[in-house]
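# Geometric and topological summary
The chain contents come next:
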Amino acid sequence: MNKLLQPAIAVAIAASCVSVSAFHPSTRLSKTFGTTTTTTTALNLTPKSKQAQTFFPFENTPSSSFQEPSSSTTSLQAQSPNEEAEDGSGGVRQLLGLKGASAETNIWKIRLQLTKPVTWVPLVWGVMCGAAASGNYHWIWNPFDPNDRDVMLGLTDASKGLVAMILSGPFLTGFCQTINDWYDRDIDAINEPYRPIPSGAISSGEVIFQIWFLLIGGLGISYGLDVWSGHEFPIVFALSVFGSFISYIYSAPPLKLKQNGWAGNFALGCSYISLPWWCGQAVFGELDRPVYFILPILYSIAGLGIAIVNDFKSIEGDRELGLESLPVAFGIDTAKYICAGSVTITQLGVALYLYSIGEPTYAAIILGLLLPQIYFQATLLLPDPVANDVKYQASSQPFFVFGILATALCVGHHDWPV
């Protein structure tokens, strides 16, 4: 039994229970009330009286539609339809950052909502997979291996792992989600006016403070992990800077990767799979072989396919707003095969690679976990990707994430040539 297998199983079960929206941080754009909005904004950190200045590195494009809501506006917006909150789950949805959240006035709960805790789960999982791939994570007391019972070493590794998860989840994913909500505030004012920013539940200044706090705090934690791990080159810090930059250009003009189906979905796949894997592996080991980059990137391509599923339900709104999601660019029928193909072919490639390096057992595990995914593609995704998107994700993703873990365990235990 591998050192990480039991806690990993527990997290996987939890991951399969949360909303599948965890893999897609962007707020989808839709046609509402017969109108559409194409306004884009840039992060402005200066007082309103000095807004001629701009936030570098991107030129400011002021929003013409968003204004800080007044108390009367906030009251009216709070009464906007929010049917999903009426089933009694609004409070939980609010804490997790899900659509249909109930109204909240506690500023700390609102801040938590902006970070969308439901989206932390894949990042935490990725860090665990990276730790497993390092082959150098130690339990506090391993009941299956008498040589792995150094309590102090286990406590140190557990602490490092926890800090890496806090870095990847609450801080850097929180940064990504908050900045995404900031740039989507005009769209949310139409589609989801009860969300914290357009409803006025949190002020612009408080949002901008949170963005900077999470970014600077995350970069500080990443550098601390480098020091703790004894890195000559601050690899965790470098990964964090890169990931934060991708988060910014994903949401912010002029690049705004989320407007392009290929670039935006692949950025999501890398952010949710490759970057946390590399972070976990760097904390406990080294990224000194090409395979340590190739395998996570392959899974990120599969992640691109998973992200496409979230675009099917938004095809009409995306088309109206000129967003080149893959269902818009290729049509639903073609996009659903791109989705299924990217998920299936990349995992087949991983299985073949593991077999080629003399790991037939792990290759068989990957194939065994792929079979139910293919079944759910054939019975849910391909017949009707719009109606079955949530059901498909909930049915298929647990097998996918266990495949990532199995691959990481194989990498961590393979006898690599010196």
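It should be emphasised that the depicted structure is a prediction, and the values quoted were computed from it without experimental measurement.

This part is about the packing of aromatic side chains. In total, this model carries 12 aromatic pairs according to the counting rule given. Judged by centre distance (5.2 Å) and plane angle (80°), the rings of Tyr 137 and Phe 284 are edge-to-face. Of the two residues, Tyr 137 is situated in the loop between helix 5 (120-134) and helix 6 (151-183) and Phe 284 in helix 11 (residues 261-284); the sequence distance between them amounts to 147 residues. The two residues Tyr 137 and Phe 284 agree in class, both being buried. In textbook terms, an aromatic cluster arises when at least three aromatic residues are bridged by ring pairs, as seen for Phe 171, Phe 209 and Phe 213. The positively charged end of Arg 111 is found above the aromatic ring belonging to Trp 108, 6.0 Å away from the centroid. Above the face of the Trp 182 ring, Arg 185 is positioned so that its terminal group lies 3.9 Å from the ring centre.

Here we take up the pattern of salt bridges. Going through the model one piece at a time under the given rule, you end up with 6 salt bridges. The closest approach of N and O atoms between Glu 316 and Arg 319, which form a salt bridge, is 3.2 Å. Of this pair, Glu 316 and Arg 319 both sit in helix 13 (residues 315-321), 3 residues apart, which is roughly one turn of that helix. Residue class for Glu 316 comes out exposed when judged on its relative accessible area of 51%. We classify Arg 319 as partly exposed; its relative accessible area is 42%. Asp 333 is the partner of Lys 336 in a salt bridge, and the nearest nitrogen-oxygen pair spans 3.6 Å.

The next subject is the confidence of the model for the protein. Counting all residues, the mean pLDDT for the protein is 81, and 78% of those residues have values of 70 or more. Per-residue pLDDT stays below 50 along residues 1-22; that stretch engages in 45 contacts with residues further than four places along the chain or on separate chains. Under a pLDDT of 50 for its full length, residues 71-81 has, in the predicted model, 10 contacts with residues more than four places off or in other chains.

Calculation notes
- Residues numbered from 1 in each chain as written.
- Predicted model: local features only at pLDDT ≥ 70, side-chain atom pairs only at ≥ 80, totals over all residues.
- Heavy atoms only, no water.
- Phe/Tyr/Trp six-rings, centres within 6.5 Å; stacked < 30°, edge-to-face > 60°.
- Helix = DSSP H or I, 4+ residues; strand = E, 2+ residues; numbered from the N terminus.
- Buried < 20%, exposed > 50% of the residue type's maximum accessible area, 1.4 Å probe, protein only.
- Lys NZ or Arg CZ within 6 Å of the ring centre and 35° of its normal.
- Salt bridge = Lys/Arg side-chain N within 4 Å of Asp/Glu carboxyl O.
- pLDDT = per-residue confidence, 0-100.
- Contact = heavy atoms within 4.5 Å.

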